[in-house]
Amino acid sequence: MRIVVDLNRCQGYAQCAFLAPEVFTLHGEESLVYAPWAGDEHREKVARAVAACPVRAITADGLDADEERPAPAGREA
């Protein structure tokens, strides 16, 4: 799943780093470092981190296992 953090919106509350330390870490006191791609084994922790962000700075494409995936270009779904 693809993860994007709006670093202009992020305020360094670090809830994501506590909930999914394999994906999100703080460098120093307020600088967030994160993995832009996370495997399915991190799905639950990333979902909790997305939900816990007080400023809604985190989005994760492909977070819902049941969400419909787009068909490859040139093919009908």
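These numbers were taken from a predicted model, which means no experiment stands behind them.

J.: In this structure, what is going on with the environment of A17? I would like to understand it.
T.: Position of A17 among the secondary structure elements: in helix α1 (residues 15-19). Between the C-alpha atom of A17 and that of V46, which follows or precedes it by 29 residues, the distance is 9.9 Å. If we skip the residues at most four places from it in the chain, A17 touches F24 and T25.

J.: Just checking my understanding: could you explain the pattern of salt bridges for this structure?
T.: Note that side chains of opposite charge can pair when their charged atoms are close. Tallying each qualifying case throughout the model produces four salt bridges. In this structure, the salt-bridge partner of R2 is D61, at a minimum N-O distance of 3.2 Å. Of this pair, R2 sits in strand β1 (residues 2-5) while D61 sits in strand β4 (residues 58-61), and the two are 59 residues apart along the sequence. Classification of R2 by relative accessible area gives partly exposed; the value is 39%.

J.: Would you take a moment to explain the pairing of β1 for this structure?
T.: The side chains of a regular strand alternate between the sheet's two faces. Here β1 shows a clear split, with I3 and V5 buried on one side and none of R2 and V4 buried on the other. Relative to β4, β1 runs antiparallel, the two sharing four bridges. Bridge pairing in β4 links V5 to I58.

Thresholds, definitions, all that
Residues numbered from 1 in each chain as written. Predicted model: local features only at pLDDT ≥ 70, side-chain atom pairs only at ≥ 80, totals over all residues. Heavy atoms only, no water. Helix = DSSP H or I, 4+ residues; strand = E, 2+ residues; numbered from the N terminus. Contact = heavy atoms within 4.5 Å. Salt bridge = Lys/Arg side-chain N within 4 Å of Asp/Glu carboxyl O. Buried < 20%, exposed > 50% of the residue type's maximum accessible area, 1.4 Å probe, protein only. Pairing = 2+ DSSP bridges.

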